[in-house]
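Structural overview
The residues making up each chain are set out below.
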Amino acid sequence: MAEVQMEEAAASSFAAGSTPFQLQFDKPIPFQIKMAEWNPEKDLLAMVTDDSKVLLHRFNWQRLWTISPGKCITSICWSPDGKIIALGTENGLLLLHDVENGKMLRSIKSHDVAIVCLNWAEDEPLSRTGKDDLLAYEDRTSRFFPPAPVMPRIGGLSSGDTGLADENDEAIQEFSSASCQRFNILCSGDKDGCICFSIFGIFPVGKIDINKVPIHVQSSGKRTSYRLQDASISKVSLSRNLHQLVLLCSGKLIDADNLYGSNDISVGLHCLHLDTSIFSNRKNELHQVSQQASSIQDLAEVVRASISMMSKQWSSAMNLFHEKFSALPSLITAHGMESSSEDEFMSLLFGTHTSPALHQFLVSSLGEAGLKRIAKAIDSAGTELRSVVSEHLQPAVEIISFRLAELRGLARWRSRFQNIGLDEKLMDGVTEKIGMLVVQVERFSRVAATVLYLFQNFFNWVLKCVKILLSEPTDQVPPANSELVVIFLKFLLDKDPIKQLLETDQIFEWDMDTTRHVEKLVVFGGFTDTQFLERSLVKQFTELEESMKEAFLMPFTTISSQIHCQGLLPLYPTTSSDALSSTCAPASISFYKQVEDSQHSASSYSLTDYICFKIPDGSLNLRNCVGVIKNFCESSTCSRPSLSGFLLHIPDEYECVDLSLYKDNQVVLLLSGRSLSESPVRSWMVMLQADNFSFSPLSRTGLANCYFLQELVALELQLDTDHGKVRSIPHPLSTPLAVSASRGVGCVFSSRRHALVYILDEDEDDDEDEVSDME
């Protein structure tokens, strides 16, 4: 145990020369920090408050921005390049925000329940092999197409909730253009035991339900299968070579081979090792597929938003048209006539005498001003339709067609892409669907152009008629041509061809000659869909989406089936899995590089996993203890005994409120002083070199209900030893602890709403940076 004299000396040593500096917020609103993470590439700290506001601060504590996602934030992490903040929410949404301004880039529904942990791992250059150069990915789209179109925004209308941030188009394009990025995977775990994997954070490539994963354990030459029930993930960590995933989860461990027998049930925290080598072995193929597929999905959102925009614009114009012309039936009734609106306009269009009702409608009810208003509305809608088609819809469909053709070509390389689920037949079907959509867009453009041209001529003719009726005492006007008669009757009878092409359930009928001609053209082009002209534009797009969903689900399913459990390590028991899951016990997982050959240190290395966790008081008959374990993954995959660990007993006058693994096999502990007397409470941040402690080998008996930590004797933490560094903090502390190995800094939070930032790698007698009062 640490002595009082040493404690006071250390405290005075740290107090001397400390330079606190004040932080003044724009609004003096007190808040409590519940999560904090340092940016891996910049001196930026992202924090989540207890009311789920997200704050971004510089190292000097200058606040850059604050956002309120409007959802309860349950987890946070950074992308490997530090440009994206990933937020997990209570309702299973994954939110990706731009570090520059905090704007949302993506909203992805990846889980059904709260996402409680996130980990974003990037493939390291040293983990690449010679074949990577052969399969290096190059996105060729920019060679043949201008920059991809963005969401349409016309006349104040928004494209709707598409899951993309339509106010940050440049950031979205840069984010989606992932061809220049190193391959990376975002892992997310939820409280129901599911782990999702997303390439670049946007393309879902796999999902594992820990409750359904068989766990095989060898014991005395006998293989026993176990399963977890009521599992809840608390921590996930994917290795930097993407070969293995280590996770911590609570739950009931049962014997799957003896479900109805008197099998032992172990309820507690368990550590699992999953084999994720499929990500590393097929990273080049996955990179290509995910880049193309995620870009296609972005463009599909542009197509959907464009169709929605066009429908809103045209409906608005047509509503005005029908509103103005709906007055005629009442006038016909008022004049005691039995004709219909169609009959009255037929007489007008063919140059016969106008009835009193029609005369009153044209001169008084509609008038020259009303007619010009309708003509202007339809002309404006037509202009906007042409703009959406030419600037958004058509280029999006063409780029989708090109990218799907690229994927179709990759699918034919069966030896490389069949193993990740890129199915040739499914891609053939999707390619045909997008080809038909290209034709439908061209069809829509021509129909719209024809309709708008005839409408313009029709309104010019009606305006001429109104002027004649107003200026001359006559009830007869010159006849219109047959095209104007047809177009007007179609719209008067609500048979709008533009509206029909924008409706899902509309079916078009064609004469036999047209049908036979279309069939010949389709077969000549190598396609099979001879009935595409019967469908509307919207129906064709819906079928394309369904086909793409089926094709892209195949890699998701295939990759998920190739992720297996390699090892199980029960850590400690608890009385109830519910009680454990509701208690966020501090834990940390990290992989450290171990050079295997000093002469080839640049290319020959292995990764050693370290797992650090606090053991709840009473479990394993221990109190105030922290456990550290290493080589779990290696012990799961090889026969030689390599699993080892140690227990550390914290002095009783302190409580470990949080902990984190740091670089070079170091562990940082946050020890908050207990209020045992009237004297001021003092806390400590302790940085220990794990390898300075004696790791004891742990036997792998193969019994799933055996807690190996019982073999260890807890070591007493001496704050005056040479195992590491200690820093005195004159306040009681609370979670979280945020450390950055890449930046060499740490931030702790006191119960008085103080934030203290430390340079972790400086000598103990150097200055500390203290940031005070968040009020």
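As shown above, the structure is provided for reference.
Just so it is clear, the structure is predicted and the values come from calculations on it, not from any experiment.

So, the sheet that holds strand E11 (residues 184–190)
Strand order in the open sheet formed by 4 strands is E10-E11-E12-E13, and the pairing between neighbours is antiparallel. Edge positions in the open sheet fall to strand E10 (115–122) and strand E13 (203–209), since each of these has one partner strand only. With strand direction ignored, the average angle separating the axes of adjacent strands in the sheet is 20°. Pairing geometry for E11 and strand E12 (residues 194–199), over 5 bridges, is antiparallel. The residue bridging Ile185 from the neighbouring strand is Ile199, located in E12. Sheet strands touched by helix H6 (residues 283–325): E12 and E13. Its angle to E13, the strand with the most contacts, is close to 110°.

Description of the sheet that holds strand E6 (residues 73–78)
The antiparallel open sheet is built from 4 strands, whose spatial order is E6-E7-E8-E9. Here the strands that pair on one side only, and so sit at the sheet edges, are E6 and strand E9 (104–109). For this sheet, the mean angle separating the axes of adjacent strands, direction not counted, is 20°. In this structure, strand E7 (residues 84–89) lies alongside strand E8 (residues 93–98), joined through 5 bridges in antiparallel fashion. The residue of E8 that forms the bridge with Ile85 is His97.

Some details on unusual backbone geometry
The amide bond that connects Thr735 to the next residue, Pro736, takes the cis arrangement and shows omega of 0°. By secondary structure assignment, the location of Pro736 is in strand E29 (residues 733–740). A positive phi angle is found at Phe200, which is not glycine, with a value near 60°. When you line up the elements, Phe200 lands in the loop between E12 and E13. The residue Asn665 is not glycine, and still its phi comes out positive at about 60°. Tracing the chain through its elements places Asn665 in the loop between strand E23 (654–661) and strand E24 (666–673). On the basis of relative accessibility, which here comes to 9%, the residue Asn665 falls in the buried class.

Some details on the environment of Ser588
Its location among the elements puts Ser588 in strand E19 (residues 587–595). Sequence separation between Ser588 and Val628 is 40 residues, and the spatial gap between their C-alpha atoms is 9.6 Å. If we ignore the near neighbours within four places in the chain, the residues touching Ser588 are Lys235, Tyr610, Ile611, Cys612, Leu659, Ser660 and Leu661.

A short note on the pairing of E24
Buried residues dominate E24, accounting for 8 of its 8 residues. Burial along E24 is two-sided: Gln666, Val668, Leu670 and Ser672 and Val667, Leu669, Leu671 and Gly673, pointing in opposite directions, are all buried. Inspection of the sheet shows E23 paired to E24 by 7 bridges, in the antiparallel sense. Pairing of Leu659 across the sheet is with Leu669, part of E24. Linking two consecutive strands that pair antiparallel, namely E23 and E24, is a turn of 4 residues; a positive phi of about 55° is found at Asp664 within it. In this sheet, strand E25 (residues 683–689) lies alongside E24 in antiparallel orientation, the contact comprising 6 bridges. Paired with Gln666 across the strands is Gln689, a residue of E25.

Considerations on the nonpolar core
Phe197, Ile210, Leu247, Phe279, Met310, Ile378 and Leu404 are the most contacted members of the largest nonpolar core, which totals 125 residues. Per-element accounting of this core gives the leading share, 22 residues, to helix H9 (residues 356–411). The residues touching Phe279, leaving out its near neighbours within four places in the chain, are Phe183, Ile185, Phe197, Val205, Leu242, Leu286, Ile559 and Ile563.

Examining the pairing of strand E16 (residues 244–255)
Summarising burial for E16: 11 of the 12 residues are buried, a large majority. Note: strand E15 (residues 222–238) against E16, 10 bridges, orientation antiparallel. What sits directly across from Ser237, in E16, is Val246. Taking the residues between adjacent antiparallel strands as the criterion, E15 and E16 are bridged by 5 residues, where Leu242 takes a positive phi near 65°.

Observations regarding the packing of aromatic side chains
Inspection of every chain in the model, using the stated rule, returns 13 aromatic pairs. A ring pair is formed by Tyr592 and Tyr610, whose centres lie 5.2 Å apart and whose planes are at 80°; its orientation type is edge-to-face. Separated by 18 residues along the polypeptide, Tyr592 in strand E19 and Tyr610 in strand E20 (residues 605–615) bring together distant segments of the chain. Summarising the burial analysis for this pair, Tyr592 and Tyr610 share the class buried. Consider the rings of Phe646 and Phe695, whose centres lie 4.9 Å apart with planes at 80°: the pair is edge-to-face. Here the residue Phe646 occupies a position in strand E22 (residues 644–649), and Phe695 occupies one in the loop between E25 and strand E26 (696–697), the gap between them amounting to 49 residues.

Details of the environment of Phe541
As for its placement among the helices and strands, Phe541 is situated in helix H15 (residues 537–561). Linking Phe541 and Lys433, residues 108 residues apart in sequence, is a C-alpha distance of 8.2 Å. Dropping the residues within four chain positions of it, Phe541 is found in contact with Ala300, Val303, Arg304, Ile307 and Leu437.

Cut-offs and rules
- Residues numbered from 1 in each chain as written.
- Predicted model: local features only at pLDDT ≥ 70, side-chain atom pairs only at ≥ 80, totals over all residues.
- Heavy atoms only, no water.
- Pairing = 2+ DSSP bridges.
- Helix = DSSP H or I, 4+ residues; strand = E, 2+ residues; numbered from the N terminus.
- Axes fitted to C-alpha atoms, helices over the stretch in contact; angles between N-to-C directions.
- Contact = heavy atoms within 4.5 Å.
- Buried < 20%, exposed > 50% of the residue type's maximum accessible area, 1.4 Å probe, protein only.
- Core = buried A, V, L, I, M, F, W, Y, C linked by side-chain atoms within 4.5 Å.
- Phe/Tyr/Trp six-rings, centres within 6.5 Å; stacked < 30°, edge-to-face > 60°.

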